[in-house]
Amino acid sequence: MPSFISRLTRPFTTTTRLGLNPESSIASPEGAQKATIAAGCFWGVEHMYRKEFKGKGLYDARVGYIGGNTDSPSYRAVCSGRTGHAEALQVTFDPAQVTYRQLLEYFYKMHDPTTSNRQGPDAGSQYRSGIFYHNAEQETIAREVTEKANEKWWKGKIVTEILPAGEWWDAEDYHQKYLDNNPGGYECPSHFLRSFPPLD
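Residues numbered from 1 in each chain as written. Predicted model: local features only at pLDDT ≥ 70, side-chain atom pairs only at ≥ 80, totals over all residues. Heavy atoms only, no water.

**Q** Kindly report on the overall build of the chain, identifying the contributing residues and their values.
**A** Counting its secondary structure elements, the chain contains 6 helices and 8 strands. Sequence separation of at least 24 residues holds for 82% of the intrachain contacts in the chain that already meet a minimum separation of 6. For the chain, the exposed surface amounts to about 9,600 Å²; the carbon and sulfur share of it is 50%. (Helix = DSSP H or I, 4+ residues; strand = E, 2+ residues; numbered from the N terminus. Contact = heavy atoms within 4.5 Å. Areas by Shrake-Rupley, 256 points an atom, 1.4 Å probe, with all protein chains shown as cover.)

Listed below in structure tokens is the structure:
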């Protein structure tokens, strides 16, 4: 069972961010849409979304940084808590196969949205819960799903922020598909699928 110590020993890269530009790596087929969420350590968030939605409309998923106030942040800088960024997941998906609403309902099932700037043992603003919408329709859906999940699932305790998606920065390459490439690597203990009744 991975321990919290393994989280503390996550590798810090000394490489530059050459080739990693905002919006650079996500595949965007015609008609694809983006969803961007933050739910704690991005390794487990990406792993769970890939597992749940593979073959069900997920085109691609990238981990990275959003919501901060510096350009081209490194993992080390984000971990300091001084850049304002959240560790986040950005997916591209086929809305004909999976809806934005379904992705957000899954978001509220797979992490604990009631802890401010924390997810499990991982503390700091980089681990906050957030939905970063890409247009007005997404904002409306995000607020509707959050209101229902708050009432029916989380007893009025949700602290998830809902904000427009600002500039996205891909995380360093070694973070992408981290748990696929490092089986048994650290997974936040609050990342698991809850058995909630339907929101409808």
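**Q** How would you summarise the pattern of salt bridges if you had to cite specific residues and measurements?
**A** Per the stated rule, a full pass over the model turns up 6 salt bridges. Note that D60 and R50 form a salt bridge whose closest N and O atoms lie 3.3 Å from each other. On the criterion of sequence distance, the pair formed by D60 in strand 2 (residues 58–66) and R50 in helix 2 (residues 42–53) is long-range, its members being 10 residues apart. Exposure remark for R50: the relative accessible area of 17% places this residue in the buried category. One salt-bridge network, in which partners are shared between bridges, spans E46, R50 and D60. (Salt bridge = Lys/Arg side-chain N within 4 Å of Asp/Glu carboxyl O. Buried < 20%, exposed > 50% of the residue type's maximum accessible area, 1.4 Å probe, protein only.)

**Q** Could you give an account of the layout of surface pockets, with specific residues and numbers?
**A** Empty space within the largest pocket amounts to approximately 160 Å³. Lining the largest pocket, in full, are R50, K51, K54, G55, L58, Y59, D60 and K177. The dominant element in the lining of the largest pocket, judged by the number of residues it contributes, is strand 2, at 3 residues. For the lining of the largest pocket, the residue count by class is 2 nonpolar, 1 polar and 5 charged. (1 Å grid on protein atoms, 1.4 Å probe; cavity = no way out; pocket = protein on both sides within 12 Å on 5 of 7 lines; lining within 4 Å. Points joined across faces, edges and corners; volume = space filled by probe spheres on them. Nonpolar A, V, L, I, M, F, W, Y, C, P; charged D, E, K, R; others polar.)

**Q** An account of unusual backbone geometry is needed here, citing residue identities and associated values.
**A** One non-glycine residue, N117, adopts positive backbone phi at about 55°. Structurally, N117 can be placed in the loop between helix 4 (100–110) and strand 4 (118–119). The partly exposed category is assigned to N117, whose relative accessible area is 34%. The backbone of K177 shows a phi angle near 55°, a positive value even though the residue is not glycine. In this fold, K177 is placed in the loop between strand 8 (169–170) and helix 6 (178–181). Its relative accessible area of 40% is what places K177 among the partly exposed residues.

**Q** An account of the side chain of Q138 is needed here, citing residue identities and associated values.
**A** By the element assignment, Q138 lies in helix 5 (residues 136–152). Look at Q138 and you get buried, because its relative accessible area is 3%. Setting aside its immediate chain neighbours within four residues, Q138 contacts Q33, K34, Y100, F132 and Y133.

**Q** With reference to specific residues and values, describe empty space enclosed by the protein.
**A** Tallying each qualifying case throughout the model produces 2 cavities of 30 Å³ or more. In this model, the largest cavity occupies a volume close to 40 Å³. Forming the walls of the largest cavity are A35, T36, I37, Y49, L89, Q90, V91, L103 and L104. Contributing elements (two or more residues each) for the lining of the largest cavity: strand 1 (33–39), strand 3 (86–93) and helix 4.

**Q** Which residues make up the pairing of strand 6 (residues 129–133), and what are the values?
**A** Buried residues dominate strand 6, accounting for 5 of its 5 residues. Burial of the side chains of strand 6 extends over both faces: S129, I131 and Y133 are buried on one face and G130 and F132 on the other. Summarising the sheet, strand 1 and strand 6 pair through 4 bridges and their orientation is antiparallel. By the bridge assignment for strand 6, A38 is matched with G130. (Pairing = 2+ DSSP bridges.)

**Q** Could you give me a rundown of the environment of K56, with the residues and numbers involved?
**A** Structurally, the position occupied by K56 is in the loop between helix 2 and strand 2. Residue K56 is classed as partly exposed on the basis of its relative accessible area, which comes to 43%. Taking the C-alpha atoms as reference points, K56 and V98, separated by 42 residues in sequence, lie 6.5 Å from one another. Leave out the neighbours within four places in its chain, and K56 touches Q97 and V98. Within the structure, the side chain of K56 is placed 3.1 Å from the backbone oxygen of E52, a separation counted as a polar contact. (Polar contact = N/O pair within 3.5 Å; in protein donor to acceptor, adjacent residues only side chain to side chain.)

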